[in-house]
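A look at the structure
Now for the letters of each chain:
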Amino acid sequence: MSTHLPVLQVVVPLLAAPVCALIRNARAAAVIAVLASWATLAIALSLLGDVMSAGVISYALGDWVPPIGIEYRVDIVNAWVLVIVSTIASAVAPYMITSVEDEVERRRIPLFYAAYLLCLCGLLGITVTGDVFNVFVFLEISSLSAYALIAMGTRRRALTAAFRYLVMGSVGATFIVIGIGLLYVMTGSLNMADLAVLLPEVWDSRTVKVAYGFLGVGFCLKLALFPLHLWLPNAYAFAPSAVTAFMASTATKVAVYMLLRFFLTIFGAPFSFGVMALDRVLLPLALVAIVSMSLVAIFQVDVKRLLAYSSVAQIGYMVLGLSFASVTGLTATLLHLFNHALMKGALFMAMGCVVYRIGSVHIDAMAGLGKRMPWTMAAFVLGGLSLVGVPLTVGFVSKWFLILGALERGWWPVAVIVLLASVLALVYVWRVVEAAYFRPYEGDEGVGVEAPWRLLVPTWALVGANLYFGINAVRTAQVAERAAEVLMTGVGP
């Protein structure tokens, strides 16, 4: 069975999805979704352990030898991303049981879990596959199911948000498939490892450079890099709380992985940084995203939109590490994929607890909740401190490596901007804290009691992870650094 773990990573949620849709029982579907999510985490951890000890794992589907057949290829880079996605899924799935019953029509709940599992399957498939066209296929699976999940929100604007995401997501996917097609025209191969060998022979071709451009635009749309982020704020704000927590912690992380995999593994770091000057393009975009989106977040009155704009700024941090074109910078990027998933998952789940009790995440509606919902707001405060980058949280670890990467390149103004952006994050987090702890509660006395433990336990699991991996970041930093070395050299461990 262990030899089939790469394909089981995808097959488990893929088979569980139609079962949820067919049984038409909300609680049974919830149990299946939770068990499938936990199974993906167990498989991902096993794959990471195997890769760390034995090296790259290659799995040929149908015993067709690559590059002729489709290959699932697991190295330390995508094993790390598999762990990130499945960890969040394992925390969000039990959270969904209570949250979804409150925010989604009961008759749609089994279909909701089916869509969630398909989205999880697509994200895991993008990460584990070694075939570029398979990337597109799994991208469409995850995207289509994500559109459905967002549209299941109770507010009417959820449909508008889903439609905007569909339009921009379709544009991004079109750019990506055109880029893949151009690569196939030039090489006759769709296998990632094979493309990495064949492409250096045709680097001077205009077609390859055009393909690079199409892929770059497509990936930036999918990861919501400024200024291609317009789909993200509404999608996060109007989706059901559990969907927001899941997508904010996984979808953009997998999009960043696609960017890294294509540009550093397939095209190679020498071509990306030497020929295409990727670092010079991404650096200004990342810095503008960090500063401008943090400023926009300060003026939001809906906390989910506030956190959504914060996510666009945090994506800027991930891209900033890549723009350093160094192992230290790339280590910061890979670390922040994990760390941001933990912090933003905890924050959105805390807001889901607030929605469950008071039905709103407007800052004014949260006045006085610090005393009435102490565990929920304490979770938000700790997640917010991590977002700011306070020591002993995972946010501090990410920013430490970013500053090291900037100083290593001699870019001290960039390090200053990272520090100033932390102050901006403190401002928008403080707005929520001030309302919850320093303003009197003015609502109905029968409303606003603490959220149920079924919501608090998964939320605090991610909060605890924020603290644990902030205090003891040795293991995560080692894995991220080793993965960064693999990406920069283009050689497996």
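Presented here is an overview of the structure given in this document. Note that residues are indexed from 1 along each chain, following the sequence as it is written. Residue-level local features of this predicted model are given only where pLDDT is at least 70; pairs of side-chain atoms are given and counted only at 80 or more, and the full residue set underlies all totals for whole chains, interfaces and linings. Where side-chain values are given, they derive from all heavy atoms of the structure, hydrogens and water being excluded.

1. Notes on the overall build of the protein chain
To keep things clear, this is the line we draw: Secondary structure elements are defined from DSSP: runs of H or I of at least 4 residues count as helices, runs of E of at least 2 residues count as strands, and each element is numbered from the N terminus. Using C-alpha atoms as the atom set, the radius of gyration is obtained and then compared with a globule rule of 2.2 Å times the number of residues to the power 0.38. A 1.4 Å probe rolled over the protein chains alone gives each residue an accessible area, and that area as a share of the maximum for its type sets the label: buried under 20%, exposed over 50%, partly exposed in between. By definition, residues are in contact when any of their heavy atoms lie within 4.5 Å. A 1.4 Å probe and the Shrake-Rupley method give the accessible areas. Residues count as covered only by the protein chains that appear here.
Along the protein chain, the regular secondary structure elements total 20 helices and two strands. Rg of the C-alpha trace for the protein chain: 21 Å, near the compact-globule value of 23 Å for 493 residues, within the 12% margin. A buried classification covers 60% of the 493 residues belonging to the protein chain. By sequence separation, contacts in the protein chain at least 24 residues apart represent 80% of the contacts at least 6 residues apart. If you sum the accessible surface of the protein chain, you get close to 17700 Å²; carbon and sulfur atoms cover 68% of it.

2. Observations concerning the pattern of salt bridges
The line we're drawing: When a carboxyl oxygen of Asp or Glu is within 4 Å of a side-chain nitrogen of Lys or Arg, the pair counts as a salt bridge.
Counted under the stated rule, the structure contains four salt bridges. With a shortest N-O distance of 2.6 Å, Glu 101 and Arg 27 are connected by a salt bridge. You can see Glu 101 sitting in helix 3 (residues 76-103) and its partner Arg 27 sitting in helix 2 (residues 26-54), a full 74 residues away along the chain. For Asp 364, the salt bridge is made with Arg 439, and the minimal N-O distance between the two is 3.0 Å. Taken together, the residues Asp 364 in the loop between helix 14 (327-358) and helix 15 (369-372) and Arg 439 in the loop between helix 18 (412-438) and helix 19 (453-471) connect sequence positions 75 residues apart. What makes Asp 364 partly exposed here is its relative accessible area of 46%.

3. Regarding the packing of helix 3 against helix 20 (residues 474-489)
For clarity, the threshold we go by: The convention used is that axes are lines fitted to C-alpha atoms, helices contributing only their stretch in contact, and that angles between N-to-C directions extend from 0 to 180 degrees. Just so you know how the angles are binned, under 35 degrees is roughly parallel, over 145 roughly antiparallel, 65 to 115 roughly perpendicular, and the rest oblique. Each helix crossing is assigned a hand: it is left-handed if the near helix lies turned anticlockwise from the far helix by less than a right angle, otherwise right-handed if that turn is clockwise. Classes in brief: Ala, Val, Leu, Ile, Met, Phe, Trp, Tyr, Cys and Pro nonpolar; Asp, Glu, Lys and Arg charged; the others, Gly included, polar.
Running from N to C, helix 3 and helix 20 point in directions that differ by 140 degrees, and their axes come no closer than 8 Å. Classed by the angle they form, the pair helix 3 and helix 20 counts as oblique. Pair helix 3 / helix 20 crosses with left-handed handedness. For the pair helix 3 and helix 20, contact is made by Ile 76, Val 77 and Trp 80 and by Thr 476, Val 479, Arg 482, Ala 483, Val 486 and Leu 487, respectively. Residues of the contact of helix 3 with helix 20, tallied by class, amount to seven nonpolar, one polar and one charged.

4. Details of the packing of aromatic side chains
Rule in force here: Any pair of Phe, Tyr and Trp rings, taking the six-membered ring for Trp, is counted once the centres come within 6.5 Å. Such a pair is stacked with planes under 30 degrees apart, edge-to-face with planes over 60 apart, and tilted for the rest.
Counting across every chain of the model gives 22 aromatic pairs. Considering the side-chain rings of Tyr 147 and Tyr 165, the 5.0 Å spacing of their centres and the 85 degrees angle between planes classify their relative orientation as edge-to-face. You can see Tyr 147 sitting in helix 5 (residues 132-151) and its partner Tyr 165 sitting in helix 6 (residues 157-187), a full 18 residues away along the chain. Relative to Trp 460, the ring of Trp 375 has its centre 5.5 Å away and its plane inclined at 80 degrees; by these criteria the two rings are edge-to-face. Of this pair, Trp 375 sits in helix 16 (residues 374-388) while Trp 460 sits in helix 19, and the two are 85 residues apart along the sequence.

5. Let's talk about the side chain of Lys 344
Operational definition: Counting of polar contacts relies on pairs of N or O atoms within 3.5 Å, with two restrictions inside protein: one atom must be capable of donating a hydrogen and the other of accepting it, and residues adjacent in sequence are counted only when both atoms are side-chain atoms.
Tracing the sequence through the fold places Lys 344 in helix 14. Polar side-chain contacts of Lys 344 include one of 3.3 Å to the backbone oxygen of Leu 307.

6. A few points about the state of the cysteines
Selection rule: By convention in this document, the label disulfide applies to cysteine sulfur atom pairs within 2.5 Å.
Taken as a whole, this structure holds zero disulfides when the rule is applied. The closest cysteine sulfur to the non-disulfide-bonded Cys 119 is located on Cys 121, 9.7 Å from its own sulfur. Classification of Cys 121 as buried rests on a relative accessible area of 0%.

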